[in-house]
Amino acid sequence: MPRTIRITRSHKLATAVLVAAGCVTAIAATGGQSDAQPAAAKTSIAAEKVAGVSTAKEAAAKKAAQETAAKKAAADAAAAKKAVAERKAAAEKAVADRKAEAKKAAEKARSEKQAANRSTERKAVAAPKQYKNNLDGWIRESLDIMKKKNIPGSYEGLHRNIMRESSGNPNAVNDWDINAQNGIPSKGLLQVIQPTFDAYHVNGTPKKLTDPVANITAAANYAADKYGSIDNVDSAY
């Protein structure tokens, strides 16, 4: 048969104490849990803020790096473009300089050639051929004139007849032959009378009977008409 347990006042007090203690413990436990939740939440928010700041900084740094790289690339491109432009300008200038030098050289050569031509022309006009004032010079000048006028004759033919007629004296006068008796004596290197000189005078020579060149060319012109050439004359003519 079961034993009957008697609950005394002491038992009731002890039970009440235990129940109270359990409640306190439960309340404490519940309070601790309640305080821990806000702290964890705060920690989580702080961590999220730190992570957000870090991410923003990384993004800003990345953006800055990209901008710097873009600026450098743009600067490099501009520098390269400038270098190309400078090389092109230098090449064009070199070509232009070469053309200018070539043009200058051509103009200089043309100017020098024109100056040389003018100098040659001046020399030709200002410096006619010079002849000695002696028998050799008179004969040579006469031959040049005879050549221009198509009058035949040679140095030998002229010299031979001059030496026979006057011995080379341009002022020689024959005052004894028939011409002298008729008042028209033969004069000069080739002993020409005045009417013959007047008829056969060569233009470009002095109109003076005793002028050496005028006398020779007129006599050669007369001989060419009468004998074919002064070279064919071997005696008085």
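Residues numbered from 1 in each chain as written. Predicted model: local features only at pLDDT ≥ 70, side-chain atom pairs only at ≥ 80, totals over all residues. Heavy atoms only, no water.

Draft legend 1. Up close: the pattern of salt bridges. Taken as a whole, this structure holds seven salt bridges when the rule is applied. With a closest N to O distance of 3.1 Å, Lys-72 and Asp-76 form a salt bridge. On the criterion of helical spacing, the pair formed by Lys-72 and Asp-76 is a turn pair, its members being four residues apart in helix H1 (residues 9-126). Residue classification places Asp-76 among the partly exposed positions, given a relative accessible area of 41%. Sharing partners across several salt bridges, the network here consists of Glu-156, Arg-160 and Asp-234. (Salt bridge = Lys/Arg side-chain N within 4 Å of Asp/Glu carboxyl O. Helix = DSSP H or I, 4+ residues; strand = E, 2+ residues; numbered from the N terminus. Buried < 20%, exposed > 50% of the residue type's maximum accessible area, 1.4 Å probe, protein only.)

Draft legend 2. Structural context of the packing of aromatic side chains. Overall, the coordinates contain two aromatic pairs when judged by the stated rule. Taken together, a centroid distance of 5.3 Å and an interplanar angle of 80° make the contact between Tyr-200 and Tyr-222 edge-to-face. Of this pair, Tyr-200 sits in helix H5 (residues 194-200) while Tyr-222 sits in helix H6 (residues 212-227), placing them 22 residues apart in sequence. The pair Tyr-200 / Tyr-222 is uniform in exposure class, with both members buried. Taken together, a centroid distance of 5.9 Å and an interplanar angle of 40° make the contact between Tyr-222 and Tyr-237 tilted. Of the two residues, Tyr-222 sits in helix H6 while Tyr-237 sits in the segment after H6, which places them 15 residues apart along the sequence. When its relative accessible area of 23% is taken as the criterion, Tyr-237 is described as partly exposed. (Phe/Tyr/Trp six-rings, centres within 6.5 Å; stacked < 30°, edge-to-face > 60°.)

Draft legend 3. Broad picture of the environment of Asp-234. Summarising the element assignment, Asp-234 is placed in the segment after H6. Residues Asp-234 and Arg-164, spaced 70 residues apart in sequence, show a C-alpha to C-alpha distance of 8.8 Å. Look past the residues within four positions of Asp-234 in its chain and what remains in contact with it is Arg-160, Asn-161 and Arg-164. Engagement of the side chain of Asp-234 in a polar contact is seen with the side chain of Arg-160, the distance being 2.5 Å. (Contact = heavy atoms within 4.5 Å. Polar contact = N/O pair within 3.5 Å; in protein donor to acceptor, adjacent residues only side chain to side chain.)

Draft legend 4. Examining the layout of surface pockets more closely. Considered as a void within the structure, the largest pocket measures approximately 280 Å³ in volume. Every residue lining the largest pocket is counted, 14 residues in all, and those nearest its centre are Asn-179, Ser-186, Gln-191, Ile-193 and Tyr-237. Of the residues assigned to the lining of the largest pocket, the class counts are seven nonpolar, five polar and two charged. (1 Å grid on protein atoms, 1.4 Å probe; cavity = no way out; pocket = protein on both sides within 12 Å on 5 of 7 lines; lining within 4 Å. Points joined across faces, edges and corners; volume = space filled by probe spheres on them. Nonpolar A, V, L, I, M, F, W, Y, C, P; charged D, E, K, R; others polar.)

Draft legend 5. Main features of the nonpolar core. Among the nonpolar cores identified, the biggest contains 23 residues, and Leu-158, Ile-162 and Ile-216 are the most heavily contacted of them. Breaking this core down by element, the ones donating at least two residues are helix H2 (135-148), helix H3 (155-165) and H6. No other element matches the seven residues that H6 contributes to this core. Contact partners of Leu-158, with chain neighbours within four places excluded, come to Ile-139, Leu-143, Met-146, Ile-216, Ala-220, Ile-230 and Asp-231. (Core = buried A, V, L, I, M, F, W, Y, C linked by side-chain atoms within 4.5 Å.)

Draft legend 6. Inspection of the packing of H2 against H3 at higher detail. Following both chains from N to C, one finds H2 and H3 inclined at 130°, their axes separated by 10 Å at the closest point. Considering the angle they form, H2 stands oblique to H3. The handedness of the crossing between H2 and H3 is right-handed. Residue-level contacts link Leu-135, Asp-136, Ile-139, Arg-140, Leu-143 and Met-146 of H2 to Tyr-155, Leu-158, His-159, Ile-162 and Met-163 of H3. (Axes fitted to C-alpha atoms, helices over the stretch in contact; angles between N-to-C directions. Parallel < 35°, antiparallel > 145°, perpendicular 65-115°, else oblique. Left-handed = near helix turned anticlockwise from the far one by under 90°.)

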